[in-house]
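This is what each chain is made of:
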Amino acid sequence: MSVPVTPTPPRTQSATATPQKSARKRLVNASFANYNEDEDPTFIDEATEVSDSEDSISVISTDVSLSDATQDSVLTKGGDGDIKTGAVAQEPETWKEWALRHEIPRKVLHSSIGPFSLYLYTLGCTMNQILYPMIALTTVLFLNDFIRLRNPKVNEMVTKWFGIISRQSEINGWNGTLFYALGVSLVFTSAPKDIAVMSVLLLSWADTAASTIGRLWGKYTPKVMPGKSLAGCLASFATGVFSCYLFYGYFCVEYDYVNLPGQIFWTKETSMMNLHVYALATGVAASVSEASDIGGIDDNLIIPVMSAILLYALVWATKV
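To start, this report covers the structure provided alongside it. Keep in mind it's a predicted model, so treat the numbers as computed, not measured. (Residues numbered from 1 in each chain as written. Predicted model: local features only at pLDDT ≥ 70, side-chain atom pairs only at ≥ 80, totals over all residues. Heavy atoms only, no water.)

## Re a nonpolar patch on the surface
For step 1, the next point in the chain: On the surface, Phe142, Leu143, Phe146, Ile147 and Trp174 cluster together into a nonpolar patch covering about 460 Å² of accessible area.
For step 2, the next point in the chain: For Leu143, the position within the fold is in helix α3 (residues 127-148).
For step 3, the next point in the chain: Here Leu143 falls in the partly exposed class, since its relative accessible area comes to 44%. (Patch = residues over 30% accessible without salt bridge, like charges linked within 9 Å, V, L, I, M, F, W, Y side chains within 5 Å. Areas by Shrake-Rupley, 256 points an atom, 1.4 Å probe, with all protein chains shown as cover. Salt bridge = Lys/Arg side-chain N within 4 Å of Asp/Glu carboxyl O. Helix = DSSP H or I, 4+ residues; strand = E, 2+ residues; numbered from the N terminus. Buried < 20%, exposed > 50% of the residue type's maximum accessible area, 1.4 Å probe, protein only.)

Given below as structure tokens:
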């Protein structure tokens, strides 16, 4: 007796079948004669793969990077014929490269202006004796940048001479020393003697401290402004407090004879603020001016001008 065989139902293509990995070119509503694949939204190149998603079809690029080795690695052939990747032996950093990377020459020059300013103060130099040379220096620096930025050969020559105190961004841009001289000239033109000296000290010391501490530990603290960290602001604040105590607590007392009557704008006899309150306020002024970014203007101009304005307004508002 034969056993009845149950007929096998015909296979149907699953609705969820995966599209072919490599689809052929499809021509829709066009003839070979006038077909333009760039105008056909249904065209799929053979060199692409099609991947299903919930509601759409995405095209996966088949471009493959030819090398997984980085600039710090090298391909070597082992004894068994296999190609291996190994690290390139880098030369040790020289002291000059280290100093330039951390802008040591620039920072030394920047911070040396503070002691030099105090030295001129002890000599009894008048405001005009400092102002006129600063205006002349500003003019020379402006002409230097104006000429070199329009003459590549001159720029290359100047960069070789003064590149050690210049930032990379200043090689093809205005040098920060120009803004430094301009800022000092402005405060010595319009501010009282003690306010002018304090603004130079904040520019020389507080800005350098903020830059140094910010680079070392700024990544561990919140950002208060683009490119400005809380660590840098605190360093600027502490340096501002120290500068105020040093100048008003020592130099203005020990070298009082170099000042004419009325030249010192803040004194404990004419202000409602004592030295301690004024020192804290100076720290705040230093921190605010260092963290400020006004139209992308160089810090070397913003810091002395803004700190002079803040200190003058504060002392004027607390006059007895």
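Next comes the rest of the account.
## Brief notes about the state of the cysteines
For step 1, the next point in the chain: Summed over the entire model, instances satisfying the criterion amount to 0 disulfides.
For step 2, the next point in the chain: Sulfur of Cys252: no disulfide; nearest cysteine sulfur belongs to Cys244 and is 9.1 Å away. (Disulfide = S-S within 2.5 Å.)

## Looking at the packing of helix α6 (residues 193-217) against helix α9 (residues 299-317)
For step 1, the next point in the chain: Packing of α6 against α9 brings their axes to within 9 Å, and their N-to-C directions diverge by 135°. The angle between the axes of α6 and α9 places the two elements in the oblique class. Handedness of the crossing formed by α6 with α9: right-handed. Here Ile195, Met198, Ser199, Leu202, Leu203 and Asp207 of α6 come into contact with α9, specifically with Asp299, Asn300, Ile303, Pro304, Ser307, Ala308, Leu311 and Tyr312. (Axes fitted to C-alpha atoms, helices over the stretch in contact; angles between N-to-C directions. Parallel < 35°, antiparallel > 145°, perpendicular 65-115°, else oblique. Left-handed = near helix turned anticlockwise from the far one by under 90°. Contact = heavy atoms within 4.5 Å.)

## Remarks on the packing of aromatic side chains
For step 1, the next point in the chain: Enumeration according to the criterion identifies 13 aromatic pairs in this entry.
For step 2, the next point in the chain: Aromatic pair Phe247 and Tyr248: ring centres 5.1 Å apart, planes at 75°, arrangement edge-to-face. Taken as a pair, Phe247 and Tyr248 share a single burial class, namely buried.
For step 3, the next point in the chain: Ring centres of Tyr248 and Trp266 lie 5.2 Å apart, and the angle between their planes is 80°; on these two criteria the pair is classed as edge-to-face. Note that Tyr248 is positioned in helix α7 (residues 230-254) and Trp266 in the loop between α7 and α8 (275-291), a separation of 18 residues in sequence. Trp266 shares its class with Tyr248; the two are buried.
For step 4, the next point in the chain: Grouped by ring-pair contacts, the aromatic residues Tyr121, Phe247, Tyr248, Trp266 and Tyr278 constitute a single cluster.
For step 5, the next point in the chain: Its end group placed over the ring of Phe146, Arg150 keeps NZ or CZ at 4.0 Å from the ring centre.
For step 6, the next point in the chain: Here Lys319 stacks its cationic end above the ring of Phe265, 4.6 Å away from the centre of that ring. (Phe/Tyr/Trp six-rings, centres within 6.5 Å; stacked < 30°, edge-to-face > 60°. Lys NZ or Arg CZ within 6 Å of the ring centre and 35° of its normal.)

Shape is all these values report; function is a separate question.
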